[in-house]
Amino acid sequence: MNYKQIQEDVIRKYRITIDSDSKCWRRTHAHVKERKVCKWRPKSSIACTFELLHEIGHIETTKSWMRRAESEYYATCWAIDRCYEYGIEAPAKLLKEYQDYINMEIDRGKRRGGNGYGDLSLVGYLRKRLDDIERDLEKLNSELLKLKAYEDSLKDCRFKRGLYR
Ligand SMILES: [Zn+2]
Ligand SMILES: [Zn+2]
């Protein structure tokens, strides 16, 4: 799938309405309840695709307890997961822009007396995902070994009974 096909696919899959000519005053943004993304236009680039994924990420992940920094972080993590899924890669430079934005929101929150933000690092999230996948692989591998041993024992058993010719 190319970028435009991926964009069409996520819009359909997550039942999103796009309002490119919205009269809202902000730049590209999402209306979570209405499942609507304003001021976004399809364009064949990773930046444009990631921006759409990030906004849909808000629609899919934003919870009422989240502060701005947290909702930005979880929306971005959701976008990263979809990139894996579609086999596209968000370049480090792009992720850094999103991380800078998250950090700015953390600072702003702290200035207003907020605390306990925890680890909102995108690199940390990627590390965690890699660890998860490695753990899954290990589990699959040990199941594979178990199945192979089981198959061998069955063969052995049939051989002994003379079922193999
Ligand atoms: Zn709007
Ligand atoms: Zn956002």
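Up top is the structure.
Computed from a prediction, not measured in an experiment: that's the story for all the values here.

Peer 1: Any details on the overall build of the protein chain? Residues and values, ideally.
Peer 2: On a plain count of helices and strands, the protein chain comes out with five helices and three strands. The helix and strand sequence of the protein chain, counted from the amino end, reads α-β-β-β-α-α-α-α. For a compact globule of 165 residues, the expected C-alpha radius of gyration is about 15 Å, and the protein chain comes in at 23 Å, more than 25% above that figure. Across its three principal axes, the protein chain shows a C-alpha extent of roughly 80 × 40 × 30 Å. Counting only residues that meet the buried cut, the protein chain has 22% of its 165 residues in that class. By sequence separation, contacts in the protein chain at least 24 residues apart represent 53% of the contacts at least 6 residues apart.

Peer 1: Tell me what's going on with the packing of helix 3 (residues 68–86) against helix 4 (residues 92–111), and back it up with residues and numbers.
Peer 2: Running from amino to carboxyl end, helix 3 crosses helix 4 at an angle of 160°, the nearest separation of the two axes being 8 Å. Taken as axis vectors, helix 3 and helix 4 run roughly antiparallel relative to one another. The interaxial crossing formed by helix 3 with helix 4 has left-handed handedness. Two secondary-structure elements touch here, helix 3 through R68, A69, E72, Y73 and T76 and helix 4 through Y98, Y101, I102, E105, I106 and G109. Here the residues of the contact of helix 3 with helix 4 sort into six nonpolar, two polar and three charged.

Peer 1: Describe helix 4, with residues and values.
Peer 2: The end-to-end C-alpha distance of helix 4, which contains 20 residues, comes to 28 Å, matching closely the 28 Å that a straight helix rising 1.5 Å per residue would cover. Residues L95, Y98, I102, E105 and I106 constitute the buried set of helix 4. The buried residues of helix 4 occupy an angular sector of 105° when projected down its axis, which confines them to one face. Residues K93, K96, D100 and R111 are exposed on helix 4 and point more than 90 degrees away from its buried face. A positive phi of about 95° marks G113, the residue just after helix 4.

Peer 1: Mind laying out unusual backbone geometry, listing which residues take part and the relevant values?
Peer 2: Even without being a glycine, R15 presents a positive backbone phi close to 50°. Note on placement: R15 falls in the loop between helix 1 (3–13) and strand 1 (17–19). For R15, a count of 9 C-beta atoms within 10 Å corresponds to the exposed category. Of note, R35 is a non-glycine position whose phi angle comes to about 55°, a positive value.

Here is what the cut-offs are and how they apply
Residues numbered from 1 in each chain as written. Chains lettered and ligands numbered in written order. Predicted model: local features only at pLDDT ≥ 70, side-chain atom pairs only at ≥ 80, totals over all residues. Helix = DSSP H or I, 4+ residues; strand = E, 2+ residues; numbered from the N terminus. Rg over C-alpha atoms; globule rule 2.2 N^0.38 Å. Buried ≥ 20, exposed ≤ 12 C-beta atoms within 10 Å, placed from the backbone. Contact = placed C-beta atoms within 7 Å. Axes fitted to C-alpha atoms, helices over the stretch in contact; angles between N-to-C directions. Parallel < 35°, antiparallel > 145°, perpendicular 65-115°, else oblique. Left-handed = near helix turned anticlockwise from the far one by under 90°. Nonpolar A, V, L, I, M, F, W, Y, C, P; charged D, E, K, R; others polar. Expected span 1.5 Å × (residues − 1). Arc of directions from axis to C-beta.

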